[in-house]
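Below are the chains, spelled out letter by letter.
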Amino acid sequence: MPLAFQHKDQLSGPQFLRVVFRNTNRSKNLPATGSKGNQKFACLHSLSPSWLPPPYSKAQIRRHLRPAPPIPPTRRRVSLAQRALADPRVAQAAASLAMETGAAPTLQSLLCLAWLAATFPIVAAALPIPEAAGGRLLHRLLAAFSSRGKTARSSSSSSSSNAKFTVPQKFFLHFYVVGVTATTVLLVAIWFYAYMKMTPLSTEPSSYSAIASHILGGSNSFSLSNFLSRPKEHKYRVWRTVFVLLLMEVQVLRRLYETEHVFHYSPSARMHIVGYLTGIFYYVAAPLSLASSCIAEAMRYLQGQLAEFIVKGRARMPDLVIDSSSLLKPLVKLGWCQWIGAAIFIWGSLHQIRCHAILGSMRKHRDSDEYVIPCGDWFDRVSSPHYLAEIVIYFGILIASGGSDIPVWFLLLFVITNLSFAAIQTHKWYLQKFEDYPRYRYAIIPYVKLKSKKDR
């Protein structure tokens with residue numbers, strides 16, 4: 001078999017030796033004994049002397065045949081890591097993960113601060129702050145800001161200046177229009193992202209898992225495959241967010257229907273402009289809090305898809321095929337915590353539907369301001385069972401979310417404090433309006449007496 005290499009003057013020493021070894025190993029029948037280096041050295045002597053360049057002695061040839069010293073394990077791991085990160089897919093996945101871990105905590109921190117800022121005045125108004133320090137003034141301001149409907153009319157009679165900064169109570173409809181819009185946009189975006197990138201729920205094997213094993217010597221504390229295939233826990237988190245947003249979508253759609261068809265607001269019913277703006281804030285921040293753990297990566301993925309569509313055009317984009325089973329199957333495979341939360345959510349929703357139906361029929365005539373004492377369902381125990389049912393609903397949403405997102409906890413804290421304060425004002429109004437109002441009823445929580453600062 002002829003030797004397939006260039007002339008000896010066109011090759012360096014190591015190149016020449018490698019070519020000779022490769023061809024002699026293919027063409028010579030070497031003895032089975034002896035080291036590999038000796039076999040190759042024997043092959044060199046079997047060649048014609050004219051093929052060996054004169055400057056290379058036996059000592060130089062042995063030096064070239066001497067194996068290189070082993071690379072230390074640490075340097076080998078660093079080298080393999082650098083080589084792996086040189087791959088554009090690995091680098092892109094690592095950069096994406098770094099951006100996601102930086103964007104999500106920032107959004108969650110801002111949401112937590114917003115919920116604290118909204119909750120702090122309510123808590124401060126409930127604390128025993130001395131009148132000289134402005135405690136009574138803070139309580140009056142907060143009562144005026146949160147008043148609406150029947151409680152707004154009673155407060156406006158004592159302070160006519162507050163009536164200038166009110167809007168019709170039928171503007172409650174705006175809350176749920178904003179809530180449906182925000183929740184639907186987030187639900188569609190994250191559901192599409194989960195379907196395209198987080199299906200199936202089980203983790204997919206990565207071709208770089210062997211490299212990751214060599215980098216850390218087989219340690220399980222880190223794996224390069226985390227950059228290329230989503231961990232199972234993260235996929236569950238994204239699909240859990242879809243599940244929670246579905247519950248929120250059901251809630252705001254139902255409230256939108258009830259505002260339009262169940263409640264019959266009086267033309268004179270008003271609410272303060274601060275309460276109106278607080279409601280708009282709530283129905284924007286609540287869906288954001290539920291989706292805060294994965295909204296950044298979902299929006300980034302959609303931006304990438306939109307940019308690709310703009311660059312390539314519709315003709316060069318692949319056809320989008322939606323499989324309904326893959327769209328719903330991961331939701332069924334979620335854990336028991338999600339289904340317990342959904343059961344609590346349904347239980348609270350059923351009671352709120354009944355209580356709202358009772359409240360909707362509480363006035364004798366649609367255009368009058370005459371009320372009757374509500375009875376039935378949880379009204380037999382508390383004065384504001386619809387507020388209690390709403391707390392139960394959001395507690396169920398918290399359970400369904402897994403309790404791992406801090407903004408959801410602050411959301412529930414705001415719901416409890418805000419509705420408890422409103423329930424105290426409603427309970428006082430019932431006691432003042434009806435002399436025969438049942439004294440055994442509590443404000444919002446059965447067997448828990450909540451008193452305002454005036455009652456102390």
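All figures in this text were calculated on a predicted structure; none of them were measured in a lab.

Novice: Explain the overall build of the protein to me, please; I cannot follow it from the model alone.
Specialist: What the protein contains, in helices and strands, is 17 helices and 2 strands. Residues classed as buried in the protein amount to 40% of the 456 residues present. Counting contacts in the protein only where the partners sit at least 6 residues apart, residues at least 24 apart contribute 81% of the total. Total accessible area on the protein stands at roughly 25200 Å², and carbon and sulfur atoms take up 62% of it.

Novice: Which parts of the structure should I look at to understand empty space enclosed by the protein?
Specialist: Empty space among the atoms becomes apparent when a probe as large as a water molecule is rolled across them. Summed over all chains, the structure comprises 1 cavity of 30 Å³ or more. Considered as a void within the structure, the largest cavity measures approximately 40 Å³ in volume. Lining the largest cavity are Arg 237, Arg 240, Thr 241, Val 244, Leu 290, Ser 293, Ser 401 and Asp 405. At 4 residues, helix H11 (residues 232–261) tops the list of elements feeding residues into the lining of the largest cavity. Split by residue class, the lining of the largest cavity holds 2 nonpolar, 3 polar and 3 charged.

Novice: Just to check I follow, could you spell out the nonpolar core for this structure?
Specialist: Among soluble globular proteins, nonpolar side chains are generally buried collectively. Within the largest apolar cluster, 67 residues are counted, with the highest numbers of intra-cluster contacts made by Tyr 282, Tyr 394 and Ile 397. In this view, Ile 397 contacts Val 244, Leu 247, Met 248, Leu 290 and Phe 345; residues no more than four positions away in its chain are not counted. If you look at the next biggest cluster of nonpolar residues, it comprises 10 residues, including Leu 359, Tyr 371, Trp 429 and Tyr 430.

Novice: Where do I start with a nonpolar patch on the surface in this structure?
Specialist: Taken together, the side chains of Leu 110, Leu 113 and Leu 116 make up a nonpolar region of the molecular surface, amounting to roughly 300 Å² of accessible area. As for its position among the elements, Leu 110 is in helix H5 (residues 88–126).

Novice: Which parts of the structure should I look at to understand the pattern of salt bridges?
Specialist: Where charged atoms of side chains with opposite charge meet at close range, the side chains can pair. Under the criterion given, the structure shown has 5 salt bridges. The salt bridge partner of Asp 405 is Arg 237, with a shortest N-O separation of 3.0 Å. Taken together, the residues Asp 405 in the loop between helix H16 (385–401) and helix H17 (406–433) and Arg 237 in helix H11 connect sequence positions 168 residues apart. Note on Arg 237: relative accessible area 25%, which makes it partly exposed. When salt bridges with common partners are traced through the structure, they connect Arg 254, Arg 255, Glu 258 and Glu 390 into a single cluster.

Novice: When you look at the environment of Trp 191 in this model, what are you seeing that I'm missing?
Specialist: Structurally, Trp 191 can be placed in helix H8 (residues 172–197). C-alpha separation for the pair Trp 191 and Leu 246, spaced 55 residues apart in sequence, amounts to 9.8 Å. Ignoring sequence-local partners within four residues, the contact set of Trp 191 consists of Trp 239, Val 242, Leu 246, Leu 327, Leu 328 and Leu 331. A distance of 3.1 Å separates a polar atom in the side chain of Trp 191 from the backbone oxygen of Leu 327.

Novice: What exactly am I supposed to notice about the packing of aromatic side chains here?
Specialist: How two aromatic rings sit relative to each other is set out by the distance from centre to centre and by the angle between their planes. All chains considered together, the criterion is met by 23 aromatic pairs. Ring centres 5.7 Å apart and planes at 35° place the aromatic pair Phe 175 and Tyr 276 in the tilted group. Note that Phe 175 is positioned in helix H8 and Tyr 276 in helix H12 (residues 273–290), a separation of 101 residues in sequence. The class for Tyr 276 is buried, based on a relative accessible area of 15%.

Novice: Whenever I open this one, the UniProt feature "transmembrane region" (unreviewed entry) in the protein confuses me. Can you help?
Specialist: As recorded in UniProt, the sites labelled "transmembrane region" (unreviewed entry) are residues 171–194, 236–253, 273–296 and 387–403. In residues 236–253, helix accounts for 100% and strand for 0%; the two terminal C-alpha atoms are 26 Å from one another. Annotated as 83% helix and 0% strand, the span residues 273–296 places its first and last C-alpha atoms 32 Å apart.

Novice: How should the confidence of the model for the protein be read in this particular structure?
Specialist: Regions with low pLDDT carry predicted coordinates that are not meant to be interpreted in detail. Per-residue confidence for the protein gives a mean pLDDT of 75; residues scoring 70 or more make up 62%. Per-element averaging of pLDDT across the protein places helix H9 (residues 209–215) at the bottom with 44 and H16 at the top with 96. Across residues 1–11, confidence stays below pLDDT 50; counting only partners more than four residues off in sequence or on other chains, it has 20 contacts. Taken together, the stretch residues 24–52 has pLDDT below 50 and engages in 33 contacts with residues farther than four places along the chain or on a different chain.

Novice: Explanation requested: H16 in the structure shown.
Specialist: Since the α-helix packs 3.6 residues into each turn, any two residues three or four apart lie on the same face. A rise of 1.5 Å per residue sets the reference length of H16, with its 17 residues, at 24 Å; its end C-alpha atoms lie 24 Å apart and thus fit the reference within 8%. Buried residues dominate H16, accounting for 15 of its 17 residues. Gly 402 sits one or two positions beyond H16 and adopts a positive phi of about 90°.

Novice: Sorry if this is basic, but what is going on with the environment of Tyr 195 here?
Specialist: Relative to the assigned elements, Tyr 195 resides in helix H8. Tyr 195 sits in the buried class, given a relative accessible area of 11%. A sequence separation of 127 residues divides Tyr 195 from Ile 322, and the C-alpha atoms of the two residues are 8.6 Å apart. Those residues in contact with Tyr 195 that lie beyond four places of it in its chain are Trp 239, Val 321, Ile 322, Asp 323, Ser 326 and Leu 327.

Novice: Teacher, can you tell me more about unusual backbone geometry here?
Specialist: In this structure, Asp 377 takes a positive phi of about 55° despite not being glycine. By the element assignment, Asp 377 lies in the loop between helix H15 (336–360) and H16. By relative accessible area, Asp 377 is classed as partly exposed at 25%.

Novice: Teacher, can you tell me more about the side chain of Ser 420 here?
Specialist: Tracing the chain through its elements places Ser 420 in helix H17. On the basis of relative accessible area, Ser 420 is assigned to the buried category, the value being 13%. Polar contacts involving the side chain of Ser 420 include one to the main-chain carbonyl oxygen of Ile 416, which spans 2.6 Å.

Novice: Explain the packing of H8 against H11 to me, please; I cannot follow it from the model alone.
Specialist: Relative orientation and spacing of two packed helices are given, respectively, by the angle between their axes and the distance between those axes. Direction vectors running N to C along H8 and H11 enclose 155°, while the axes themselves pass 8 Å from each other. Taken together, the axes of H8 and H11 lie roughly antiparallel to each other. Here H8 runs over H11; the crossing is left-handed. The class makeup of the residues in the contact of H8 with H11 is 21 nonpolar, 5 polar and 5 charged.

So, how was this worked out
- Residues numbered from 1 in each chain as written.
- Predicted model: local features only at pLDDT ≥ 70, side-chain atom pairs only at ≥ 80, totals over all residues.
- Heavy atoms only, no water.
- Helix = DSSP H or I, 4+ residues; strand = E, 2+ residues; numbered from the N terminus.
- Buried < 20%, exposed > 50% of the residue type's maximum accessible area, 1.4 Å probe, protein only.
- Contact = heavy atoms within 4.5 Å.
- Areas by Shrake-Rupley, 256 points an atom, 1.4 Å probe, with all protein chains shown as cover.
- 1 Å grid on protein atoms, 1.4 Å probe; cavity = no way out; pocket = protein on both sides within 12 Å on 5 of 7 lines; lining within 4 Å.
- Points joined across faces, edges and corners; volume = space filled by probe spheres on them.
- Nonpolar A, V, L, I, M, F, W, Y, C, P; charged D, E, K, R; others polar.
- Core = buried A, V, L, I, M, F, W, Y, C linked by side-chain atoms within 4.5 Å.
- Patch = residues over 30% accessible without salt bridge, like charges linked within 9 Å, V, L, I, M, F, W, Y side chains within 5 Å.
- Salt bridge = Lys/Arg side-chain N within 4 Å of Asp/Glu carboxyl O.
- Polar contact = N/O pair within 3.5 Å; in protein donor to acceptor, adjacent residues only side chain to side chain.
- Phe/Tyr/Trp six-rings, centres within 6.5 Å; stacked < 30°, edge-to-face > 60°.
- UniProt positions renumbered as here; feature names shortened; annotations may be inferred.
- pLDDT = per-residue confidence, 0-100.
- Expected span 1.5 Å × (residues − 1).
- Axes fitted to C-alpha atoms, helices over the stretch in contact; angles between N-to-C directions.
- Parallel < 35°, antiparallel > 145°, perpendicular 65-115°, else oblique.
- Left-handed = near helix turned anticlockwise from the far one by under 90°.

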